[in-house]
Amino acid sequence: MTTTERTPVAAPATSAPHQPAGGVNTHCPYCALQCGMTVTGKQVAPREFPTNRGGLCQKGWTSGALLDSAARLTTPLMRTGGQLRPASWDTALDHVAAKITGIQREYGPDGVAVFGGGGLTNEKAYLLGKFARVALRTSQVDYNGRFCMSSAAAAGMRAFGLDRGLPFPVTDLDEADAVLLVGANPAETMPPFMRHLDPSGLIVIDPRRTATAEQASLHLQPAPGTDLALALGILHSVVADGFLDQSYVDERTAGFEDVWRIVARWWPEHVERVTGVSAAEQRRAGAMLATARNAYLLTGRGTEQHATGADTVTAWINLALALGLPGRRGSGFGCITGQGNGQGGREHGQKADQLPGYRKIDDPAAREHVAGVWGVHPADLPGPGRSAYELLDALGEQAGPRGLLVFGSNVVVSAPHSAHVTDRLDALDMLVVADIVLSETAQRADVVLPITQWAEEEGTLTNLEGRILHRRRALAPPDGVRTDLEVLHALAGLLGQPPERFPSDPETVFAELGAASAGGPADYSGVNYPRLRAGEALHWPVPAGSDGTPRMFLDRFAHPDGRARFVPVEHVGPAESPDDDYPLRATTGRVLAHYQSGAQTRLVSELMRAVPESFVEVHPDTAARAGLCDGARATVASRRGTVCVTVRCVPSMRPDVLFLPFHFPGEQSANLLTNPALDPTSRMPEFKVCAARLEAA
Ligand SMILES: Nc1nc2c(c(=O)[nH]1)N[C@H]1C(S)=C(S)[C@@H](COP(=O)(O)OP(=O)(O)OC[C@H]3O[C@@H](n4cnc5c(=O)[nH]c(N)nc54)[C@H](O)[C@@H]3O)O[C@H]1N2
Ligand SMILES: Nc1nc2c(c(=O)[nH]1)N[C@H]1C(S)=C(S)[C@@H](COP(=O)(O)OP(=O)(O)OC[C@H]3O[C@@H](n4cnc5c(=O)[nH]c(N)nc54)[C@H](O)[C@@H]3O)O[C@H]1N2
Ligand code: SF4
Ligand SMILES: [Mo]
């Protein structure tokens, strides 16, 4: 039990981890750990499941609070006379369909765009991608996972030929003697995950001394945006100190020589000057991993959300390959997926360049297969569209979309350079938002559609270890709301699609998803609702007749020759450097009590009591130089905007770094500051570093 896990206060001690009479076994609505829980009425209790071992964090414990919250939407809203006013479902959907038709008549199919989310179930993500390609015939569809896992996914694809966040069960970590966590703070972002980590072998790389770093036996504290150099330095030390796993490199990989040509120039003393991490600590980290019997290297958003994110993850993979970790029982490399369905959400076609089953939309065989399942001609499927930020940036522009449908994201708060994104949303001819609450994005919409919540509907999610989980319906939804699937079904019908092409029953949608994914990299065709109802939770790939694949790559990697690729990468540093006007480096991230844009958790009173507003963490000397002390009001400015927050003096901070959580809106929104510089491969924005200035408010 870690300090950040909440002990049961409201729930009787006997309720966990056993199932109370009449309770429904399901999973938490929030993050990718997908902790097991039991829902009885609106009460939530933890349930024994391998990822959480009977634990829940504060958000999980309080997740029932939103089910009957007064803040939830129960009727469609339409903007008339500048105001959002209640409307009937028929009026709202007729209006949306008519607007779509009008916009597409004038601007073509790409005049309307779709933005999805990694919190949507597999069924929703699949049907949303199909709706975009078949009912709208638009190429303009992407989702918030582009802001989350895209760098990790791109690097994994390049190195291993396939991307599954953790290619092994979380419980494998229980046997590890050494785990390197780079840019992840699970003590706050997935507290029960800490139950799988032994502090004595834990190494944490984070510019901040986080609750996770506090528990580690070694904490390296680089400047934000210098991880790639640090990975090169540790790899250099591993080779120089004789720890290269030569037989693994010879038998299971290709390309080491090209990588070494670069790494040879990054000796640890040189890396120390770039990162601020001492050469001795780099060597110690390398030696701890190399001498452990079972070692793992795991990355989180801290190292990935950079304009060089894909190359940075690649550098960590190169280190893992040199140590012989990936694809071996008892060791491994993985990226910790974030959103509830962050894994499944990136496999079934809501991504701009993708078709279901993790297929590529520009692959003729993939188009042929999926078009066959959908009953359309392959030539009628659009090609790849814009990535998330590029899509938002193009809204209302000359060649950009004029209408946008958002399902499961609050981009006004969570997208980078958010003031600009808000301007683009306001330039649209029509913004439609389907949500459970009036998020900051919904507040700007022309039409808002009220949606059922997790416990009121059935579906599947794929967790951080690639397990396909069953989300069960535990209670009836309030009058007036519809499921996302029902909304897509109705809209597709109004747009002239045959009703059976867009089923609203999750079981039917999942069966179709199985057929569409069959034979693809993420093959779900062996899973069906009867198996899920019987309690199975299988790891993909699960081809028909299979029991799933808990551990991938044990015999071969997914490239045609079976070998993993070392890919040479160079350190270039952040897109924006500090200067006289903006002398500090601002980074952003999460706190335990809030989830993402905060649209949901800011409505839960217990969570608001825990963290009522935003703040900036800063070293006391840096604060003092700006004339600030703990608790003072400060402004933080970047080249794009200014936020107004409370100062938290933290002596363990690097003096050159500021940290802000991104869960808050308005003048406290960290994304007013962030730099939308994009990674050339993954199109991930640089959420984790920009040049900034701190001043008294
Ligand atoms: N409480 C809570 N839990 C969540 C979420 C939430 O919003 N709230 N969201 C879920 C989702 S979608 C995700 S993606 C995960 C994210 O989970 P994490 O990746 O653990 O979360 P972050 O706080 O974004 O970033 C982790 C750490 O990166 C550090 N960091 C910043 N810059 C750098 C850098 O340049 N290098 C390195 N090495 N580290 C850096 C930050 O100081 C921070 O402590 O959490 C999931 N769980
Ligand atoms: N500065 C900064 N910005 C970041 C990050 C960072 O670290 N720093 N992290 C990025 C990351 S990793 C992520 S994942 C994004 C997340 O950012 P967002 O995409 O904004 O994520 P949420 O706040 O979870 O928004 C989900 C919305 O969908 C609604 N919703 C929930 N379930 C459903 C459903 O089933 N159907 C529908 N229709 N709606 C639903 C919720 O009420 C909420 O309004 O933020 C990114 N932005
Ligand atoms: S760790 Fe994630 S899945 Fe578990 S209770 Fe907390 S938010 Fe829910
Ligand atoms: Mo995320």
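Below is a summary of the structure that appears in this document.

Rules used throughout
Residues numbered from 1 in each chain as written. Chains lettered and ligands numbered in written order. Predicted model: local features only at pLDDT ≥ 70, side-chain atom pairs only at ≥ 80, totals over all residues. Heavy atoms only, no water. Pairing = 2+ DSSP bridges. Helix = DSSP H or I, 4+ residues; strand = E, 2+ residues; numbered from the N terminus. Axes fitted to C-alpha atoms, helices over the stretch in contact; angles between N-to-C directions. Near = heavy atom within 4 Å. Polar contact = N/O pair within 3.5 Å; in protein donor to acceptor, adjacent residues only side chain to side chain. Areas by Shrake-Rupley, 256 points an atom, 1.4 Å probe, with all protein chains shown as cover. 1 Å grid on protein atoms, 1.4 Å probe; cavity = no way out; pocket = protein on both sides within 12 Å on 5 of 7 lines; lining within 4 Å. Sits in = over half its atoms within 2 Å of the grid points. Nonpolar A, V, L, I, M, F, W, Y, C, P; charged D, E, K, R; others polar. Domains from an automatic or database assignment. Points joined across faces, edges and corners; volume = space filled by probe spheres on them. Contact = heavy atoms within 4.5 Å. Salt bridge = Lys/Arg side-chain N within 4 Å of Asp/Glu carboxyl O. Buried < 20%, exposed > 50% of the residue type's maximum accessible area, 1.4 Å probe, protein only.

Where strand β22 (residues 584-589) lies against strand β29 (residues 690-696), three bridges are found, and the strand directions are antiparallel. Residue pairing in the sheet places Ala586 in a bridge with Cys690 of β29. Where strand β24 (residues 633-637) lies against β29, four bridges are found, and the strand directions are antiparallel. Considered in β29, the bridge of Thr635 is made with Glu695.

The strand order across the open sheet built from five strands is β10-β9-β8-β12-β13, with neighbouring strands paired in parallel fashion. Looking at strand neighbours, the two that pair on one side only are β10 (218-220) and β13 (332-335), the edges of this open sheet. This sheet shows a mean twist of 15° between the axes of neighbouring strands, independent of strand direction. Where strand β9 (residues 202-205) lies against β10, three bridges are found, and the strand directions are parallel. Bridge pairing in β10 links Ile203 to Leu218.

Once that is clear, we can look at the site of ligand 2. Around ligand 2, the surrounding shell holds 30 residues, and the nearest of these are Asn144, Ser409, Ser414, Asp435 and Ser597. With respect to ligand 2, the side chain of Ser414 contributes an N or O atom lying 2.7 Å from an oxygen atom. Relative to its unbound accessible surface of 930 Å², ligand 2 loses 95% to contact with the protein. In a pocket analysis with a 2 Å cut-off to the grid points, ligand 2 is assigned to the largest cavity. Residues that form the shell around ligand 2 fall into these classes: eleven nonpolar, 14 polar and five charged. Mapping the shell around ligand 2 onto the domain boundaries places at least three of its residues in each of domain 1 (89-147 + 342-452 + 481-504) and domain 3 (584-696).

Okay, the layout of surface pockets next. Roughly 350 Å³ of volume is contained in the largest pocket. Forming the walls of the largest pocket are 16 residues, and the residues nearest its centre are Met157, Lys351, Asp353, Tyr358 and Lys360. Within the residue set of the lining of the largest pocket, elements represented by two or more residues are α4 (150-160) and β15 (359-360). Here the lining of the largest pocket takes four residues from α4, the largest share from any one element. Residues that form the lining of the largest pocket fall into these classes: six nonpolar, four polar and six charged.

Structurally, the position occupied by Gly466 is in the loop between β19 (459-462) and β20 (468-471). Spatially, the C-alpha atom of Gly466 lies 30 Å from that of Asn671, the residues being 205 residues apart in sequence. Apart from residues lying up to four places away in sequence, Gly466 is in contact with Arg164, Gln343, Leu538, His539 and Trp540.

Summed over the entire model, instances satisfying the criterion amount to 37 salt bridges. With a closest N to O distance of 3.2 Å, Glu617 and Arg208 form a salt bridge. Taken as a pair, Glu617 in strand β23 (residues 615-618) and Arg208 in the loop between β9 and α6 (211-215) lie far apart in primary sequence, 409 residues in all. A residue is classified by how much of its surface remains accessible, and Arg208, at 8% relative accessible area, is buried. The salt bridge partner of Arg402 is Asp429, with a shortest N-O separation of 3.7 Å. Pair noted here: Arg402 is in the loop between α15 (388-394) and β16 (403-407) and Asp429 is in the loop between α17 (418-426) and β17 (430-435), with a separation of 27 residues, a long-range link. On the basis of relative accessible area, Arg402 is assigned to the buried category, the value being 14%. You can call Asp429 partly exposed: its relative accessible area is 31%. Connected through salt bridges with shared partners, the residues Glu576, Asp579, Arg639 and Arg640 form a single ionic network.

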